[in-house]
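The primary structure of each chain is shown beneath.
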Amino acid sequence: MVGGFPRKEGMERKDVMSKNVSIYKSQASALEKHAAPNCKVLVVANPANTNALILKEFAPSIPEKNITCLTRLDCFQALGQISERLSVQVSDVKNVIIWGNHSSTQYPDVNHATVKTPAGDKPVRELVADDAWLNGEFITTVQQRGAAIIKARKLSSALSAASSACDHIRDWVLGTPR
């Protein structure tokens, strides 16, 4: 589900909410009427978590577990920040969680995150050893990624979203690496 009102420079996610409610009610009605009840739905348009909730409410025959939303871009930003800070490969950072909508209220959570080291997996918090950075600049940078891209390009990161959607679907269908 990539349809949604596009966010523009200076807009917060809440600014597009009322427009997306009507869009997602309509899309949900179409899914409810025409989609197989075991279909899988990925919501890409932001605020993705909220749009997924609207979809769930108005397409009740689709199981909740079959409706997900895309926070992969935010997760990639968080992984990139950690890997850069620790001078490790992004693929060595695991279990970063993004809570909430892609917005200034989301929470990139590293409390269960680890980094593969020669001595085994180590907690991110232990290796970074800078709670002020993890609780401040790190969170703000991840939260503001979308706004920074819009400011730089005057457009959103559509290709990044498309690539992330492919990664999301692949992992949903085939599973994630350990």
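Residues numbered from 1 in each chain as written. Predicted model: local features only at pLDDT ≥ 70, side-chain atom pairs only at ≥ 80, totals over all residues. Heavy atoms only, no water.

- For the protein chain, the name recorded in an unreviewed UniProt entry is Lymphocyte antigen 86, with Datura stramonium as its organism.
- According to UniProt, the comment filed for the protein chain under the heading Sequence similarities (unreviewed entry) is "Belongs to the LDH/MDH superfamily. MDH type 2 family." (UniProt positions renumbered as here; feature names shortened; annotations may be inferred.)

1. Brief notes about the pairing of strand 6 (residues 114–117)
And then number 1: Pairing geometry for strand 3 (residues 93–94) and strand 6, over 2 bridges, is antiparallel. Across the sheet, the residue bridging to Val93 is Val115, located in strand 6.
And then number 2: Strand direction decides the pairing type here: strand 6 and strand 7 (residues 120–123), joined by 4 bridges, are antiparallel. Looking at strand 7, one finds that Val115 is bridged to Lys122.
And then number 3: From the end of strand 6 to the start of strand 7, which pair antiparallel, there are 2 residues. (Pairing = 2+ DSSP bridges. Helix = DSSP H or I, 4+ residues; strand = E, 2+ residues; numbered from the N terminus.)

2. Some thoughts on the pattern of salt bridges
And then number 1: For the structure on display, the rule yields 7 salt bridges.
And then number 2: Here Glu64 makes a salt bridge to Lys56, at a shortest N to O gap of 3.6 Å.
And then number 3: With a relative accessible area of 55%, Glu64 lands in the exposed category.
And then number 4: A relative accessible area of 25% means that Lys56 is categorised as partly exposed. (Salt bridge = Lys/Arg side-chain N within 4 Å of Asp/Glu carboxyl O. Buried < 20%, exposed > 50% of the residue type's maximum accessible area, 1.4 Å probe, protein only.)

3. Some points on the nonpolar core
The nonpolar side chains of soluble globular proteins are, as a tendency, buried together.
And then number 1: Ranked by internal contacts, the top residues of the largest apolar core, which has 18 residues, are Ile82, Val96, Val110, Val124, Val128, Leu134 and Phe138.
And then number 2: When residues of this core are traced back to their parent elements, those giving at least two are helix 3 (72–86), helix 4 (124–128), helix 5 (131–135) and helix 6 (137–143).
And then number 3: The element that contributes the greatest number of residues to this core is helix 3, accounting for 5 residues.
And then number 4: If we skip the residues at most four places from it in the chain, Val96 touches Cys75, Ala78, Leu79, Asp109, Val110 and Ala113.
And then number 5: In terms of nonpolar packing, the next biggest core, distinct from the first, is built from 15 residues, Cys39, Val43, Ala59 and Ile62 among them. (Core = buried A, V, L, I, M, F, W, Y, C linked by side-chain atoms within 4.5 Å. Contact = heavy atoms within 4.5 Å.)

4. Regarding the environment of Lys122
And then number 1: For Lys122, the location among the structural elements is in strand 7.
And then number 2: With 29 residues separating them along the chain, Lys122 and Val93 place their C-alpha atoms 9.7 Å apart.
And then number 3: In this structure, Lys122 is in contact with Ala113, Thr114, Val115, Thr117 and Leu127, ignoring residues within four places of it in sequence.

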